Amino acid sequence: MRQFTAIVNPTAGGSTGAATLLQVARLLREAGATLETEYSDSLAHAREIARDAGAAGRVVLAVGGDGMAGGIGGALSGTDAVLGLIPAGRGNDFARALGLPADPEALARILLDGEPRHVDTIEVESAVHPRTVVLGSVYAGVDALANRHANESRLLRGAASYYAGGLRAVTTWRPADYRVTVDGVTHTHRGYTVVAANSPYYGSGRIIAPSAEVDDGLLDIVLIREAPRRLFFALMNELKTGAHVRRPEVQVLQGRELRIESSRPVPYGADGEVEATLPVTVRVRPGDLAVLC
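Residues numbered from 1 in each chain as written. Predicted model: local features only at pLDDT ≥ 70, side-chain atom pairs only at ≥ 80, totals over all residues. Heavy atoms only, no water.

S.K.: Where do I start with helix α4 (residues 66–76) in this structure?
M.R.: Structurally, the α-helix is built with 3.6 residues per turn, so residues lying three or four positions apart point the same way. Burial analysis of α4 places 11 of its 11 residues in the buried class, the great majority of the element. Looking at α4, one finds that the buried residues are D66, G67, M68, A69, G70, G71, I72, G73, G74, A75 and L76. Within two residues after α4, G78 carries a phi angle of roughly 85°, on the positive side. (Buried < 20%, exposed > 50% of the residue type's maximum accessible area, 1.4 Å probe, protein only. Helix = DSSP H or I, 4+ residues; strand = E, 2+ residues; numbered from the N terminus.)

S.K.: Mind showing me how you'd approach the nonpolar core here?
M.R.: Soluble, globular proteins show a tendency: their nonpolar side chains are buried together. Ranked by internal contacts, the top residues of the largest apolar core, which has 46 residues, are F4, L28, L61, I72, L83, L85 and L111. Discounting residues that sit within four places of it in the chain, I72 has contacts with I7, A46, A50, V60, A62 and L83. If you look at the next biggest cluster of nonpolar residues, it comprises 45 residues, including V170, A212, I224 and L235. (Core = buried A, V, L, I, M, F, W, Y, C linked by side-chain atoms within 4.5 Å. Contact = heavy atoms within 4.5 Å.)

S.K.: Quick question: what am I supposed to make of the packing of aromatic side chains here?
M.R.: Any aromatic ring pair is given by two values, namely how distant the centres are and how the planes are angled relative to each other. Counted by the stated rule, this structure contains 1 aromatic pair. A ring pair is formed by Y139 and Y202, whose centres lie 6.1 Å apart and whose planes are at 70°; its orientation type is edge-to-face. Of the two residues, Y139 is situated in strand β7 (residues 137–141) and Y202 in strand β10 (residues 201–202); the sequence distance between them amounts to 63 residues. Across this residue pair, the class does not change: Y139 and Y202 are buried. Against the face of W173 rests R264, its NZ or CZ located 4.9 Å from the ring centre. (Phe/Tyr/Trp six-rings, centres within 6.5 Å; stacked < 30°, edge-to-face > 60°. Lys NZ or Arg CZ within 6 Å of the ring centre and 35° of its normal.)

S.K.: Help me out: how do you make sense of unusual backbone geometry in this one?
M.R.: Most peptide bonds adopt trans geometry, and most residues besides glycine take a negative phi value. The omega torsion of the bond from L278 to P279 falls at 10°, within 30 degrees of zero and hence cis. Positioned with a positive phi, D183 is a non-glycine residue whose angle comes to about 50°. For D183, the position within the fold is in the loop between β8 (176–182) and β9 (185–197). Take D183: its relative accessible area is 42%, and that puts it in the partly exposed class.

S.K.: Any chance you could explain the packing of helix α2 (residues 17–30) against helix α6 (residues 104–113) here in plain terms?
M.R.: The description of two packed helices rests on the angle between their axes and on the distance between the axes. Contact geometry for α2 and α6: axes closest at 9 Å, N-to-C directions at 50°. Considering their axes alone, α2 and α6 lie oblique with respect to each other. Helix-helix and strand crossings are classified by hand; for α2 and α6 the assignment is right-handed. The segment α2 lies against α6, with Q23, V24, L27 and L28 engaging P104, E105, L107, A108, L111 and L112. Partitioned by chemical class, the residues of the contact of α2 with α6 number 8 nonpolar, 1 polar and 1 charged. (Axes fitted to C-alpha atoms, helices over the stretch in contact; angles between N-to-C directions. Parallel < 35°, antiparallel > 145°, perpendicular 65-115°, else oblique. Left-handed = near helix turned anticlockwise from the far one by under 90°. Nonpolar A, V, L, I, M, F, W, Y, C, P; charged D, E, K, R; others polar.)

S.K.: Any chance you could explain helix α9 (residues 229–238) here in plain terms?
M.R.: Those residues of α9 that fall on the buried side of the exposure criterion are L231, F232, L235 and M236. Viewed end-on, α9 has its buried residues packed into an arc of 150°, placing them on one side of the element. (Arc of directions from axis to C-beta.)

S.K.: For this particular structure, what's the right way to read the layout of surface pockets?
M.R.: Where empty space is left can be seen by rolling a probe of water-molecule size over the atoms. For the second largest pocket, the calculated volume is near 150 Å³. For the second largest pocket, the full set of lining residues is T20, Q23, V24, P87, N92, A95, R96, L100, P101, A102, P104 and L107. Secondary-structure elements contributing two or more residues to the lining of the second largest pocket are α2, α5 (93–97) and α6. Element by element, the count of residues in the lining of the second largest pocket is highest for α2, at 3 residues. In terms of residue class, the lining of the second largest pocket is built from 8 nonpolar, 3 polar and 1 charged. (1 Å grid on protein atoms, 1.4 Å probe; cavity = no way out; pocket = protein on both sides within 12 Å on 5 of 7 lines; lining within 4 Å. Points joined across faces, edges and corners; volume = space filled by probe spheres on them.)

Geometric values such as these leave the question of function open.
Right, dumping it as structure tokens:
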């Protein structure tokens, strides 16, 4: 029977992490599994707990949103440890990419009996963050600003907070000149954003990269070029289905390593947590993490 260590972000999803864990924990214990719960006071603390638990042979459960999943998953990347996710955050996009259920009973059954699946992770390197590993995506430009606004929201939750954050970011955004080098080939790009996606989803269910797969050893790189603001608002609506990739203003590349540079200071983010300014180098780490799904 598996032994679990659950790491809880007490503030994720409006403090729902602990409540979500209680439901799943009861089912795990009833099935005979042992479970320890640790509350993190920071993402760095969560990573430390995860490494220790993984080294002891315990399944590490990330209880929270994408920031918690990415932080803990990044800490375990390249090790023999196994990660389990209990989605309890604002977006839960990597859990969505893995097809994890919201129902506690179905989720507990996966954690008890599911086979580990090896997925890719993303290594992020910049002057501010010499080496950070995340799971879902790295995004530079207007969506990094939108994510910051969403995280600051106290009244809205889930997709509504990201949509409102996006509207606020777009109204003040000035298109930037980007230099995007993918596997040694340089592309110049003027526009709103560059996204390096391991998962199809970001921003609470928005399908930024419909063809992205978490275990293909590649990143899908989405570039949205300069366009009238009214068109960008239409693109935001099309993110619900992924239809935006058919527009001429959107270009999708694939690669294993990219560097994003810009002509002026442009923010970038990763999995809703990392915040810094370009330039940044991003690399895929194929099959580097085992996840129960």
